[in-house]
Amino acid sequence: MSHRHLPLLAVLLTVSAAAAQSLTTYVDPRIGTGDHGHVFLGANVPFGMVNAGPTQIESGWDWCSGYHESGTKVVGFAQTHLSGTGCSDLGDVAIMPAVKELGLSRQGLATTFAHEQEEVRPGYYSIVLPESGIRTEITATRRTAMYRITYPEGAHRHLYVDLENGIDDALLSGRLQQIDPYTYVGYRISHGWANQQHCYFAMRLSQKSRIYEQATVKSKRADGPAPIYHLQVTTSSEPLLVNIALSPVSEANAIANLKAEAYKGGRLIDFDTVCAAADAAWNRELGRITATFQNDRDRRIFYTSMYHFMVAPQTWDDVNGDWRGADNRVYRSMASTVPELCSIVIEGRDEATKKPTPESPVGTSKYLTTLSLWDTYRAAAPLSTIILPEMMPAVAETYLRIYREQGKLPVWHLMSQETNCMVGCPAVPILADLLLKGYVSDTLTAWKAMYSSLTMDERGLDDMKRLGYVASDHHGGALSMSLEYMLADGAAAQAGTAIIAASSPSAAAPVNPSTPPAVSELGGSAAEMRPQVEYLARRSRLYSHLYDPRVGYLRPRNSQGEFPATDAFNPANQTAGYTEGNPWQYLWLVPHDVQGLADMLGGRERALARLDSLFAADSRLNDDANPDITGLIGQYAHGNEPSHHIAYLYALLGQPRKGAAIIKRIQRELYTDQPAGLCGNEDVGQMSAWYILSALGFYQVEPCGGRYVVGSPLVEQATLHVGGGRTFTIRTHGLTDKAIHVRRATLNGRPLVPTDGALIVRHADIAAGGTLDLYMSR
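Residues numbered from 1 in each chain as written. Predicted model: local features only at pLDDT ≥ 70, side-chain atom pairs only at ≥ 80, totals over all residues. Heavy atoms only, no water.

Per the secondary structure count, the protein chain includes 20 helices and 37 strands. Across the 778 residues of the protein chain, 63% fall into the buried class. Carbon and sulfur atoms make up 51% of the accessible area of the protein chain, which totals about 27000 Å². (Helix = DSSP H or I, 4+ residues; strand = E, 2+ residues; numbered from the N terminus. Buried < 20%, exposed > 50% of the residue type's maximum accessible area, 1.4 Å probe, protein only. Areas by Shrake-Rupley, 256 points an atom, 1.4 Å probe, with all protein chains shown as cover.)

Here it is, written out as C-alpha cells:
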C-alpha cells in the first residue's frame, strides 16, 4: 500500500472505531442523585412508561424520585418513579425478594444496602442486598420491567408485592389477583401529587408461586384495604424471572402489553436479550447527537445530560393505542379491541428465547405524560424540535387531546391528572413553537386551545383580563404569574400571526382590542382571529406596567394598582409576589421582548450595566427563601429555570463576550460528573437540556420561533441527526480552555451576519441540514 493512503486509512479507522463505541458507556446515571438533583436511578428505556428501580425508606424533598445518594435502606423495587421533580409521587407496585418471612409493613420490608453493591447503566440496574445475599437485576422495555432475581443456593424464596407504600402518596384502593400459578394481575389507585392515579399491572413469574399471606391495614386516606402480599415461590436452581407490565387503562391491557413487549412467538424473551435491546434503544437515542470533546469529563456530563433529557415525557398509552385521558375516562384507539382478561392469559411455564424484540420508534406513542412544562418550555422543548422531529406531532397531539379532555392545555400533567403545579400557561409557548416550526397540522384547533387557555377565569387569568396583570392581593406569586402569562401571550400572538399570514396576508391588519374577544367568535376563517391575536399581543407588552421606578425592579401590584412599600425592599429577598425566585432574577423574565425590556431599563447600556450587577451581586438570600434558588453566581440562580436564558441576553444586547464568559463559568462550575453534579433539581430534563444546547453553542432565548443565539460551545465537533436522513454538523476551530469566544461563524460556508447584535442560527437552517463553523478566540 502506498504511504500516501495512510492518513486516509487512519481517518476511516478512527470513524469506524467511534461508530462502534457504545455511547451508553459515557453515561453515569449517578450524576444528580446527590444534593438536590432528584434524578431517578434504575432501569428504563427512552420515554418509557416504566422507570423501575429501588425506593428508599427515607422521605422528604430530596427523595422526590424515591432515591438519594445519602439513603440508607431499600423498601422495595417499584415500577414507577419521577426524575428530577420538586414534588414526590409514584413508587407504584413495588416488589421485594427475601429469603425469610418479613414484616408486612414498610419498616418490615426495609433492608440495608451499599452503593458498592450497586451497578447501574442505561437500561440496567443491579444490587446485592447484604442482609439476604439476593442479587436483583432489572431491565425494561417501554411498558414492562423485567427482573432477574438470584437467590442464594438452597435458600427459601419469598417475594413481597407492596401496593400500600408509594412515594409520599396514599392508597385509595388496590389488589393483587392470582390467575394461574405463574400469573397475577392487579391495580393500585392512589392519591398524591396526581389526584387519582390509576396504575394497572400484570405480573408473570418464571416459577410457580402462591399468595401465602396478605396484610390489610387501614390506608391513610381511605377505608379500603392497603395490601402487602407475601408470595411463596417454588425452590429452583435457576434465577427467578419476574415481568411486570403496566397500563393506565386496565389489567387486561397490562397483559396485552406484557405479551407484546416481553414475549416473542409465545416465548418469554431472555433477560440478557431484553437488556441488550434496552442498551441498543439508549444508544440509538443518544446517537441523535454524536460529539467529540476536549476531555472525558465534558463528554460524560454531555451524554448523561442526554440520558436525563430522554427520561420524559413518558409513554402513557397501551400497545393497542388505548389511553386514560385527563378527565380520567378511558379512550379506545380506533384500531383497538377491548381484550378479555381470560382470553389472553399466558398459558404454561415460560421458556426463554433469545430472539430480540424490536423496540418501537420513539415517535409511535400518541399520548404522553410527565409534562413538566414550566421547566421544559425553556430548553428541553426547543431541543426536542431539533433532534426528535418524529416525536413532535405526538407531543402536539397530546396537548390537544388534553385540551379536549379537560378544557384547557396542560399545566403539569402527571399520569392522566392535572396537578396545576407552577404558574403561567407553559404549554402555550411549546405549542406555539411546534406550530411555527411546522409540527402542528390542525393550526386552528391549536390556536383555539392556546387562546381559550389564556382567557379562562382561573389561576389569575380573570385578573389578566380585567387588570392586565395578576393582583397580589388575589394570588401569591402574582408577579411571576403575570410575567409567565405575558410571555405565553406573546408566543400565542406570534403563532396566531403566522396562521393568519399563511391563510391570507391581507388579513393581518391590526385591530388592537383592549378586552378579550370571546372564543366562540373563532370561526372557520383565520381572518376572524385578528382581534384575538392583537389582544394577546397587547397584553404581552404590559410587563412595563409592573416596573416600579422607585426601586428599579418588576414588582407585583394589588388590585388597586398599588406597588408594595419601598422601605423594606431588598431585591435579594424572595417575597410573596415571586415564585421560586426574587426581584433580581425576575427582572429578566421578558424573553419575548428583549429590546422592549432594554428600553424599559433606559436603553441597552443601562440594561447591560444591570446585567453586570446581577452577576456581581452578593449571593446571600433571605432565610426563608425557596430552596430551589440555588446555583448562584451573584444573584443569577442557575438551579432554577427563570434564570436559564439570562446569560444569553448579553449577546442580544451587543456584548456576546461577556455572555460567553458567564456561560463557560456555568458549564464549568455548576455541572460536574459527581452525584452532586447538578446545582438544582433536574426538572425532568430542563437542567440537562440547557447544558446540551449550550455545549453545542447556542440557545433559544425567545419562548418560540426558532432563533438560537450563539454562545460558547464545548464540543469540538457535533453531528445532529435532524430527521429525514439529514444532519447538521457543528465544528469549532481553535477551541481551548481559554479560547471560549466565537469571533466569527459561517453557515454552509457563508458568513453568519449578526442580528440584533448577536449571531443567530435559525431552526429552518438546522432542520434543513448543513454545517455551522465556529471560529474561536481568547
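Going through the model one piece at a time under the given rule, you end up with 10 cavities of 30 Å³ or more. Where the lining of the largest cavity is concerned, the elements lending two or more residues are β23 (371–372), α6 (373–376), α7 (380–387), α8 (392–406) and α9 (427–436). Here the lining of the largest cavity takes 4 residues from α7, the largest share from any one element. Looking at the lining of the largest cavity residue by residue, the classes come out as 16 nonpolar, 5 polar and no charged. Estimates place the volume of the second largest cavity at around 90 Å³. (1 Å grid on protein atoms, 1.4 Å probe; cavity = no way out; pocket = protein on both sides within 12 Å on 5 of 7 lines; lining within 4 Å. Points joined across faces, edges and corners; volume = space filled by probe spheres on them. Nonpolar A, V, L, I, M, F, W, Y, C, P; charged D, E, K, R; others polar.)

Applying the stated criterion across every chain yields a total of 36 salt bridges. Across the pair K437 and D433 runs a salt bridge, and its minimum N-O distance is 2.8 Å. Taken as a pair, K437 and D433 share a single burial class, namely buried. Overlapping salt bridges, with partners in common, bring together R135, E137, R148 and D272 in one network. (Salt bridge = Lys/Arg side-chain N within 4 Å of Asp/Glu carboxyl O.)

Turning our eyes to something else, we now look at the packing of helix α4 (residues 271–286) against helix α5 (residues 296–309). One can describe the packing of α4 onto α5 by two numbers: an axis separation of 10 Å at closest approach and a directional angle of 110°. Compared by their axis directions, α4 and α5 come out roughly perpendicular. Contacts from W282, E285 and L286 of α4 reach α5 at Y303, M306 and Y307. A class-by-class count of the residues in the contact of α4 with α5 yields 5 nonpolar, no polar and 1 charged. (Axes fitted to C-alpha atoms, helices over the stretch in contact; angles between N-to-C directions. Parallel < 35°, antiparallel > 145°, perpendicular 65-115°, else oblique. Contact = heavy atoms within 4.5 Å.)

Attention now goes to the side chain of S453. Note that S453 resides in helix α10 (residues 443–454). We classify S453 as buried; its relative accessible area is 2%. Only 2.7 Å separates the side chain of S453 from the backbone oxygen of A449, close enough to count as a polar contact. Residue contacts for S453: discarding those within four places in its chain leaves Y403, K408, L409, C425 and L461. (Polar contact = N/O pair within 3.5 Å; in protein donor to acceptor, adjacent residues only side chain to side chain.)

For the rest of this paragraph, the subject is the sheet that holds strand β35 (residues 750–751). An order of β18-β32-β33-β37-β34-β35 is seen for the 6 strands of this open sheet, with the pairing classed as mixed. Two strands in the sheet have a free side with no partner beyond their single neighbour: β18 (289–293) and β35. Here strand β34 (residues 741–747) pairs with β35 via 2 bridges, running antiparallel. Looking across to β35, one finds that L747 is bridged to R750. Packed on one face of the sheet, helix α19 (residues 686–696) meets β18, β32 (715–723), β33 (726–733) and β37 (770–777) and runs near 115° to β32. (Pairing = 2+ DSSP bridges.)

Right, let's talk about the nonpolar core for a bit. Core analysis: the largest hydrophobic core is formed by 218 residues, its most contacted members being M203 and F302. Of all the elements, helix α12 (residues 478–503) adds the most residues to this core, at 14 residues. Not counting chain neighbours up to four residues away, the residues in contact with F302 comprise I289, A291, F293, Y691, I692, A695 and L696. Counting residues in hydrophobic clusters, the runner-up holds 16 residues, among them M146, I255, I269 and F271. (Core = buried A, V, L, I, M, F, W, Y, C linked by side-chain atoms within 4.5 Å.)

Once that is clear, we can look at α9. Extensive coverage of α9 is indicated by the burial of 9 of its 10 residues. Within the span of α9, buried status applies to A427, V428, P429, I430, L431, A432, D433, L434 and L435. Residues of α9 that are buried sit in contact with α6, α7, α8, α10, α12 and β30 (698–700). Downstream of α9 by a residue or two, G438 has a phi angle that is positive, lying close to 90°.

Bringing the sheet that holds β23 into the picture now. One open sheet accounts for 3 strands, arranged β23-β24-β25; its pairing is antiparallel. For this open sheet the edge positions go to β23 and β25 (417–418), each flanked by a neighbour on one side alone. With 2 bridges joining them, β23 and strand β24 (residues 412–414) adopt antiparallel strand pairing. For S372, the partnering residue across the bridge sits in β24 and is W412.

Okay, the packing of α8 against α10 next. Pairs of packed helices are described in terms of their axes, by the angle between the two and the distance that separates them. Where α8 meets α10, the axes come as close as 10 Å, and the angle between the chain directions of the two elements is 55°. With respect to α10, the element α8 is oriented oblique. Of the two elements, α8 crosses α10, and the hand of that crossing is left-handed. Counted together, L400, Y403 and R404 of α8 and T445, A446, K448, A449, S452 and S453 of α10 form the full contact between these two elements. Residues of the contact of α8 with α10, tallied by class, amount to 4 nonpolar, 3 polar and 2 charged. (Left-handed = near helix turned anticlockwise from the far one by under 90°.)

Turning to helix α16 (residues 604–616), a few remarks are in order. Along its 13 residues, α16 runs 18 Å from first to last C-alpha, staying within 8% of the 18 Å computed at 1.5 Å per residue. All of the buried residues along α16 are A607, L608, R610, L611, L614 and F615. The buried side chains of α16 occupy one side of the element, clustering within an arc of 160° when seen end-on. Of the exposed residues in α16, those oriented more than 90 degrees away from the buried face are E605, R606 and A616. (Expected span 1.5 Å × (residues − 1). Arc of directions from axis to C-beta.)

With that out of the way, let us pick up the environment of W193. By the secondary structure assignment, W193 is in the loop between β11 (183–191) and β12 (197–205). You can call W193 buried: its relative accessible area is 16%. A sequence separation of 23 residues divides W193 from A170, and the C-alpha atoms of the two residues are 10.0 Å apart.

In this section: the packing of aromatic side chains. Here the structure, examined in full by the defined rule, presents 19 aromatic pairs. Aromatic pair Y26 and Y303: ring centres 5.9 Å apart, planes at 40°, arrangement tilted. Within this pair, whereas Y26 is found in the loop between α1 (6–20) and β1 (53–56), its partner Y303 is found in helix α5, the two being separated by 277 residues in sequence. With respect to class, Y26 is no different from Y303; both count as buried. Aromatic pair Y648 and Y699: ring centres 5.0 Å apart, planes at 15°, arrangement stacked. (Phe/Tyr/Trp six-rings, centres within 6.5 Å; stacked < 30°, edge-to-face > 60°.)

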